[in-house]
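Take a look at the letters that make up each chain.
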Amino acid sequence: MKLKLRIWRQSGAEAKGRMVEYIVDGISEDASFLEMLDVLNEQLIAEGADPVAFDHDCREGICGACSLVIDGQAHGPQAATTTCQLHMRKYRDGDVIDVEPWRAGAFPVIKDLVVDRTAFDRIIAAGGYISAPTGTAPDAHATPVAKQDADAAFAAAACIGCGACVAACPNGSGMLFMAAKVAHLARMPQGQPERHTRVLGMVAEHDASGFGGCTNTGECSAACPKEIGLDVIGQLNRDFRKAAAKAA
Amino acid sequence: MSTDLKPRKAAPAKAGGRPARSPRLRSSIGLKLVMAVSGLLMVGFIIAHMAGNLHVFEGRESMNDYAHGLRTFGEPLIPHESLLWVMRLGLIAAVGAHIWSSVVLTRRALAARPVRYASKKPAKGESRHAAATMRWGAAVIVLFVTWHLLDLTFRTVNPVKEVPDAYGAVVAAFAPERWPVTVFYLLALVALGFHLRHGIWSAVQTIAGPDTRWRARWQAAALGVSVIVVAGFAVVPLAVSFGLVN
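Residues numbered from 1 in each chain as written. Chains lettered and ligands numbered in written order. Predicted model: local features only at pLDDT ≥ 70, side-chain atom pairs only at ≥ 80, totals over all residues. Heavy atoms only, no water.

A word on the sheet that holds strand E3 (residues 69–70) of chain A. Hydrogen bonds along the backbone pair up the strands of a sheet, which may run parallel or antiparallel. Residue and element names in this part refer to chain A. Spatial strand order, E2-E1-E5-E3-E4: 5 strands in an open sheet with mixed pairing. Of all the strands in the sheet, the pair left with one neighbour each is strand E2 (18–24) and strand E4 (73–74). In this structure, E3 lies alongside E4, joined through 2 bridges in antiparallel fashion. In the strand pairing of E4, Val-69 is matched with Ala-74. Contacting strand E1 (3–9), E2, E3 and strand E5 (96–100), helix H1 (residues 33–46) crosses the sheet at an angle of about 80° to E1. (Pairing = 2+ DSSP bridges. Helix = DSSP H or I, 4+ residues; strand = E, 2+ residues; numbered from the N terminus. Contact = heavy atoms within 4.5 Å. Axes fitted to C-alpha atoms, helices over the stretch in contact; angles between N-to-C directions.)

Here's what the structure looks like:
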């Protein structure tokens, strides 16, 4: 199939960017979206032009590296799907497709479609972990966890940290990402000792990084490739309220 | 790329190593709590106000007695208009807190996306209309409340100046020849309805953080309250405009 692409091109962090049009032809409907961009880049390299920079790694939907806003939707039109798992059979010959980077002040563009997501690492470093003595691995059943807690923790831990929630949020909020980690650890016995300092530290870092607040529109959840629900934000709000009251 | 993972700005510590209280109140969740609590207080007022308005259907005497009762509530144990002044001061505080927190959060939200997307997509979240209606709707509601106070509280723009005649003021406000007032009132109610439909469950989500099943129930409850409030307010001007109350 033949497609017209409009892609955000920006040569560097400080450079001014703009949408640039490209035509790609002979795209198989079995190609993934990223493979379609690979074809475009081979074409650009053959022409001696600068290929389009975009993030990708595992290309099997689990690493969280790919990060494209396709026609205004983080990870494209298909629900519960990362960009790398989106296939060209979703498109028709002659389609015009807009491709932009995640847009957030906290995620500055490095080049073209690649953004700096270090702010997420800082949020994790501010409390999204447990402190545990090292040594040999504990026995599997040494610390019992109720089935429903294990399931809820596992669902929250499915977050791959891609940042689609921020990209989709009308307020550029990182709340779903932060809440997924808070909810994951809040359901586990290992997460209890640092539960309150975790939530206060992470929220302070989230705000300092320049993410916006949550208005509960649910766009984050709808865009999340791992379908993490708004219930994790509820858990975050609850834990924050208790931690703030206790620390006061 | 920056690889410095140290938190950029820790909350400033008070003596004793505890982080200060106000940064938490001014955090994105703290501000949301302020907005949620002040919003729910106003919802309580709005429901009481809507129910009180329905006295108009019982006739002039009942409506005016109700308005008089609000002023003389608790007399002679407590001074004249005590209840009214508690309500007024509480409302002013709630409105102030609600607007303050929303302005701070809106400014942060706008700063959090300095470059906008070139292509737009239709919303697909749980509260699809929220991003489009909460902030503009709030502006409509502020304009409406200003007019409403001048019309039916201070009577600046109302032909009936006698304070005890609440019934007469309502009938004059929505007289058929003042139809633009009625249309504005109804439009403001639509804005209020959308505002409550999202605002009520959003407040519960912020304060109590319900699980998925209870969130759905609260969303349904918010819709129910919004419909009841809008309908309860709308019947009064409509009844006056169409001559059912005169």
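Let us look at the packing of helix H3 (residues 60–72) of chain B against helix H6 (residues 166–173) of chain B. Residues and elements named next belong to chain B. Viewed as axis vectors pointing N to C, H3 and H6 meet at an angle of 115°, and their least axial separation amounts to 7 Å. Looking at the two axes, H3 sits roughly perpendicular to H6. In contact with Arg-60, Met-63, Asn-64 and Ala-67 of H3, H6 contributes Ala-166, Tyr-167, Gly-168 and Val-170. A breakdown of the residues in the contact of H3 with H6 according to their chemical character gives 5 nonpolar, 2 polar and 1 charged. (Parallel < 35°, antiparallel > 145°, perpendicular 65-115°, else oblique. Nonpolar A, V, L, I, M, F, W, Y, C, P; charged D, E, K, R; others polar.)

Here we take up the interface of chain B and chain A. Accessible area lost on assembly of the parts is the figure often given for the size of an interface. The partner chain A presents 58 residues to the 50 residues of chain B that form the contact. The contact between chain B and chain A buries some 4,300 Å² in all, and 53% of this surface belongs to carbon and sulfur atoms. The tally of links from chain B across to chain A stands at 1 salt bridge. Between B:Lys121 and A:Glu219 there is a salt bridge, and its shortest N-O distance comes to 2.8 Å. Joining chain B to chain A, the criterion identifies 25 residue pairs in polar contact (both at pLDDT 80 or more). Elements represented by at least two residues in the side of chain B that touches chain A include exactly helix H1 (21–25), helix H2 (28–53), helix H4 (82–112), helix H5 (130–153), helix H7 (179–207) and helix H8 (212–241) of chain B. (Buried area = accessible area lost by both parts, 1.4 Å probe. Salt bridge = Lys/Arg side-chain N within 4 Å of Asp/Glu carboxyl O. Polar contact = N/O pair within 3.5 Å; in protein donor to acceptor, adjacent residues only side chain to side chain.)

Relative to the elements of secondary structure, B:Ser82 occurs in helix H4. Polar contacts involving the side chain of B:Ser82 include one to the main-chain carbonyl oxygen of B:Pro79, which spans 2.5 Å.

Here the focus is the packing of aromatic side chains. Two descriptors summarise a pair of aromatic rings, namely the distance from one centre to the other and the angle between the planes of the rings. Following the criterion strictly, the structure yields 8 aromatic pairs over all chains and no others. Pairing B:Phe144 with B:Phe184 gives two aromatic rings, centres 5.9 Å apart and planes at 70°, and the pair type is edge-to-face. Taken as a pair, B:Phe144 in helix H5 and B:Phe184 in helix H7 lie far apart in primary sequence, 40 residues in all. By relative accessible area, which is 28% here, B:Phe184 ends up partly exposed. Note on B:Phe174 and B:Tyr185: the rings are 5.0 Å apart at their centroids and 80° apart in plane angle, and the pair reads as edge-to-face. Of this pair, B:Phe174 sits in the loop between H6 and H7 while B:Tyr185 sits in helix H7, and the two are 11 residues apart along the sequence. With relative accessibility at 6%, the residue B:Tyr185 sits in the buried group. One aromatic cluster is present, formed by A:Phe107, A:Phe120, A:Phe177 and A:Phe211 through successive ring pairs. (Phe/Tyr/Trp six-rings, centres within 6.5 Å; stacked < 30°, edge-to-face > 60°. Buried < 20%, exposed > 50% of the residue type's maximum accessible area, 1.4 Å probe, protein only.)

Of all residues in chain B, 91% attain a pLDDT of 70 or more, and the chain-wide mean is 91. Long-range and interchain partners of residues 9–19 of chain B, a stretch whose pLDDT sits below 50, account for 15 contacts in this model, where long-range means more than four residues apart. (pLDDT = per-residue confidence, 0-100.)

Soluble globular proteins: nonpolar side chains tend toward being buried together. Membership of the largest hydrophobic core comes to 83 residues, with the highest contact counts inside it found for A:Phe107, A:Ile233 and A:Leu236. Sorting elements by how many residues they give to this core places H7(B) first, with 9 residues. When residues are assigned to domains, this core turns out to be shared by domain 1 (3–110) and domain 2 (117–131 + 145–247) of chain A, each giving three or more. Not counting residues up to four positions away in its chain, the partners in contact with A:Leu236 are A:Met175, A:Met178, A:Ala179, A:Val182, A:Val199, A:Val203 and B:Ile29. Of all hydrophobic cores here, the second largest spans 27 residues; its members include A:Ile7, A:Ala31, A:Val52 and A:Val99. (Core = buried A, V, L, I, M, F, W, Y, C linked by side-chain atoms within 4.5 Å. Domains from an automatic or database assignment.)

Moving on, we get to the state of the cysteines. All names here are of chain A. Enumeration according to the criterion identifies 0 disulfides over all chains in this entry. With no disulfide of its own, Cys-58 has Cys-63 as its nearest cysteine by sulfur position, at a separation of 3.6 Å. Summary of cysteine pairing: Cys-224 is not part of a disulfide, and the nearest cysteine sulfur, belonging to Cys-162, is at 6.4 Å. (Disulfide = S-S within 2.5 Å.)

Glancing now at the pattern of salt bridges. Evaluation of the coordinates by the stated rule reveals 18 salt bridges over all chains. Here B:Asp165 and B:Arg60 are joined by a salt bridge, their closest N and O atoms 3.0 Å apart. Highlighted residues: B:Asp165 in the loop between H5 and H6 and B:Arg60 in helix H3, separated in sequence by 105 residues. Note on B:Arg60: relative accessible area 42%, which makes it partly exposed. Taking the shortest distance from any N to any O, the salt bridge between B:Arg178 and B:Asp151 comes out at 3.0 Å. One end of the pair, B:Arg178, is in the loop between H6 and H7; the other, B:Asp151, is in helix H5, with 27 residues separating them in the sequence. Residues participating in the shared-partner salt-bridge network are A:Arg9, A:Asp50, A:Lys111 and A:Asp112.

Residue and element names in this part refer to chain A. You can read the domains of chain A as domain 1 (3–110) and domain 2 (117–131 + 145–247). The straight-line distance from the C-alpha centre of domain 1 to that of domain 2 is 28 Å. Across the boundary between the two partners, domain 1 contributes 18 residues, which contact 19 residues of domain 2. Contact with domain 2 buries area across many residues of domain 1, yet Ala-80, Ala-106 and Phe-107 alone supply 38% of it, more than any other trio. We note a salt bridge from Arg-117 to Asp-55, for which the minimum N-O separation is 3.1 Å. Linking domain 1 to domain 2 there are 5 residue pairs in polar contact (both at pLDDT 80 or more).

Bringing the packing of helix H8 (residues 231–247) of chain A against H7(B) into the picture now. At their nearest, the axes of H8(A) and H7(B) sit 7 Å apart, and the two run at 55° to each other. Relative to H7(B), the element H8(A) lies oblique. Residues A:Ile233, A:Gly234, A:Asn237 and A:Arg241 of H8(A) pack against B:Gln205, B:Thr206 and B:Ile207 of H7(B). A breakdown of the residues in the contact of H8(A) with H7(B) according to their chemical character gives 2 nonpolar, 4 polar and 1 charged.

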